[in-house]
Amino acid sequence: MRPLRSACALVLATTMLTGVAAAQDARLAARLSPGARADVEAVLDSARRDGLPVEPIVDRALEGATKGADDTRIVAAVRRLAADLAAARDAFGPGVADAEIAAGASALRAGARGQDLASLRTARPGQSVTVAAAVLTDLVALGVPPDTATAAVLALAARADDATYLAFRRNVERDVALGATPVAALTYRLVTEGTAQLGDALGPSTPASPGRPRKP
Amino acid sequence: MSDPNGMLDRGIEVLREPVVLDHQIDARVMAAIAGLPTPARSGPFLRAGDWLIRPRPIRIRPAVALAAAAALVVAVVGLRERTEPPPSLQTTPTATAAREAPTVRFMLVAPSATTVSLVGDFNDWAADATPMEGTVTDGLWTVTVPLQPGRYRYAFLVDGATWVPDPDAPRALDDDFGRPNSVLTIGGT
Amino acid sequence: MVDRNHTADADHIRRVLAGDSGAFAGLVARYRDRLGRYAVRMLGNRADAEDAVQETFVRAYRSLGRCTDPDRFGAWVFGILVNRCRTIGAQRARRERVQIADESAVLRAAVQDDPAGRQAVREAITAALAKVAPMLREAFLLKFVEELSYEEMADVTGASVPALKMRVLRARTELQRLLGDVTDV
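The following paragraphs examine the structure supplied in this document. The residue numbering used here restarts from 1 in each chain and proceeds along that chain's sequence as written. Labels follow written order: the first chain is A, the first ligand is 1, and so on. Local features in this predicted model are restricted to residues of pLDDT 70 or higher, and side-chain atom pairs are both shown and tallied only at a pLDDT of 80 or more, whereas totals for entire chains, interfaces and linings draw on every residue.

### So, the overall build of chain C
- For the purposes of this entry, the term helix denotes a DSSP run of H or I that reaches at least four residues, the term strand denotes a run of E that reaches at least two, and both are numbered from the N terminus. The helix and strand inventory of chain C stands at nine helices and zero strands.
- The order of helices and strands in chain C, counted from the N terminus, is α-α-α-α-α-α-α-α-α.
- Note on burial: count the other C-beta atoms lying within 10 Å of the residue's C-beta; 20 or more is buried, 12 or fewer is exposed, in between is partly exposed, and C-beta positions come from the backbone. Buried residues in chain C amount to 49% of all 185 residues.
- Long-range pairs, those at least 24 residues apart, make up 65% of the contacts in chain C between residues at least 6 apart in sequence. Contact between two residues is assigned when their C-beta atoms, built from the backbone, lie within 7 Å.

Okay, structure coming up:
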């Protein structure tokens, strides 16, 4: 009993070195099997050392646990996510926030390339790329090919704020839901975004009269 | 002869010609409604009509003006049939403190569900952390959650067993566990 | 939408909501052909248009309690129709991928045979409309055939006025191009 107790004390002391790590351990301990937990924590340690955000990794493990996935699957998912996070951070370069790295990882998984993430960051100096990268991912989820989605997001990057990006994505979603193909919806919305002034220039709306309609 | 505009004008003229449909439509419509209950005046929420094939969430978020960031709205109203204009993006600032997390209201129509909970990144994917409240009459389940800006994967868990993504929200593309999720993005960082 | 007999409409609606379902027939008779015109132009064939109109009326009956302004029943039911046409159009488009071989030749022939003829114009515009994307076609029809204002169009479609103006512009451009292809003989 005595050796075991000191072993426990040692483990406890080690665990309490970082409060956050302890908190994460508690959540994982409650939900994962010991084997899965060990593997996941190894990934977390490595991510922490590399300066990557760990919360998304913990969330992914907890998601797997709640959904009843087996250990192999949980560990594979966690490893894949960690790799994506590292790749996103490498693509963005230094000085990028956790939320941006996480969004970048999703974008990579959706099919964006590292150079696209780098271009996105260049196009928005001093601004967060979280929402832009998230919208890129969402557009791909809607069915827009990755290259096209990337081009659209980059086209907007210079002048769109977060609200504009989200409104843009919402509009494309709605158009797709109402029957447009994803690329057509994207193109129309891009045109609308870019030439809103042209629309206003068409003048106040009046009912069309028979005969020659008004020339735009 | 090349006068496409003139051709278009003439086309419009032709298109405006009246159309007469088969009057049998009248009889078919009246037969279809014969068995229906008298329509009742109802509120703005959806009723579980025959066009609601699957649980449909509606998410409305009252916008909050964050001091340092743009006011943000994540409003998706999942009406396939629109009998009134969809709500415009709400951008009225409310009198909340700058640091307070904006709240998002999740809604799901699931008439035959016994329990529905919201499960996602923001509650550690705990199946019972965020139960939703349902009304018996129209199967409408809701919950309001404060959320800091960020990107959240989530889904609805119906009767503790069925995972239901949000059909009107973007899907999460990384589906590692065989059950699709939705993603909610709240800007403001 | 100009509802010249909107008082009569309101009467019908009131009676239906009070339990007299037969009163709905009056509304059906009044709006059937007007809805039919849009549906035929939008969907390109009568069978689909009849389905759309029939379903629209049934849905209108079901949700009649939510028609907040009985004086504007016409605009309200029109909104339901526009939605029905979108759904039916999307369903049918997915199922039927019918390609007419060398249709431009057909159009050219129609115009050549009777260049000033109404029938030729009808065929040309119908074919051109069918080739335009549904959202553009919808905006074009609402603006130039149904003659709605942009505000009314926004109510009915849920799109913004600038977006609708853009769609109408693109529709006109596209139709001119298609019709120009025909008349450039």
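Following the structure, the description resumes.
### Digging into the interface of chain C and chain B
- Facing 48 residues of chain C, the contacting portion of chain B comprises 39 residues.
- The set of elements that each furnish at least two residues to the side of chain C that touches chain B consists of α1 (6-17), α2 (24-43), α3 (46-62), α4 (73-95), α6 (118-131), α7 (134-145) and α9 (161-183) of chain C.
- For the side of chain C that touches chain B, the element with the most residues is α2(C), which contributes 10 residues.
- Each residue is assigned to one of three groups, with Ala, Val, Leu, Ile, Met, Phe, Trp, Tyr, Cys and Pro labelled nonpolar, Asp, Glu, Lys and Arg labelled charged, and all others, Gly among them, labelled polar. In terms of residue class, the side of chain C that touches chain B is made up of 22 nonpolar, 13 polar and 13 charged.

### Remarks on helix α4 (residues 55-66) of chain A
Residues and elements named next belong to chain A.
- Along its 12 residues, α4 runs 16 Å from first to last C-alpha, staying within 8% of the 16 Å computed at 1.5 Å per residue.
- For α4, the tally of buried residues reaches 11 of 12 residues, placing the bulk of the element in the interior.
- With its phi angle positive at about 75°, G68 sits one or two positions after the end of α4. How far a helix is expected to stretch is found by multiplying one less than its residue total by 1.5 Å.

### Thoughts on unusual backbone geometry
- For B:D159, which is not glycine, the phi dihedral falls at a positive 55°.
- Notably, C:E147 is not glycine yet its phi reads approximately 55°, a positive angle.
- Position of C:E147 relative to the elements: it lies in the loop between α7 and α8 (150-157).

### Concerning the interface of chain B and chain A
- Tallying the contact residues gives 27 residues for chain B and 36 residues for chain A.
- Listed by contribution, the elements that provide at least two residues to the side of chain B that touches chain A are α1 (4-15), β6 (150-158) and β8 (182-186) of chain B.
- Of the residues contributing to the side of chain B that touches chain A, the split by class is 13 nonpolar, five polar and nine charged.

### So, the nonpolar core
- The term nonpolar core means buried Ala, Val, Leu, Ile, Met, Phe, Trp, Tyr and Cys residues held together as one set by C-beta atoms within 7 Å. Formed by 152 residues in total, the largest nonpolar core has its most connected members in A:V78, A:V135, A:L136, A:L139, C:A39 and C:L81.
- Not counting the four nearest positions on each side in its chain, A:V78 is found in contact with A:V40, A:V43, A:I57, A:R60 and A:A61.

### So, the packing of helix α8 (residues 130-142) of chain A against helix α10 (residues 162-177) of chain A
Residues and elements named next belong to chain A.
- Between α8 and α10, whose axes approach to 9 Å, the crossing angle comes to 5°. Taken together, the axes of α8 and α10 are roughly parallel relative to one another. Between α8, through V131, A132, V135, D138, L139 and L142, and α10, the contact on the second element is made entirely by D162, Y165, L166, F168, R169, V172, E173 and V176.
- Among the residues making up the contact of α8 with α10, the classes are represented as 10 nonpolar, no polar and four charged. Axis definition: a line fit to C-alpha positions, over the contact stretch in the case of helices; interaxial angles, taken between N-to-C directions, run 0 to 180 degrees. By the definition adopted for this analysis, an angle is roughly parallel if under 35 degrees, roughly antiparallel if over 145, roughly perpendicular if from 65 to 115, and oblique otherwise.

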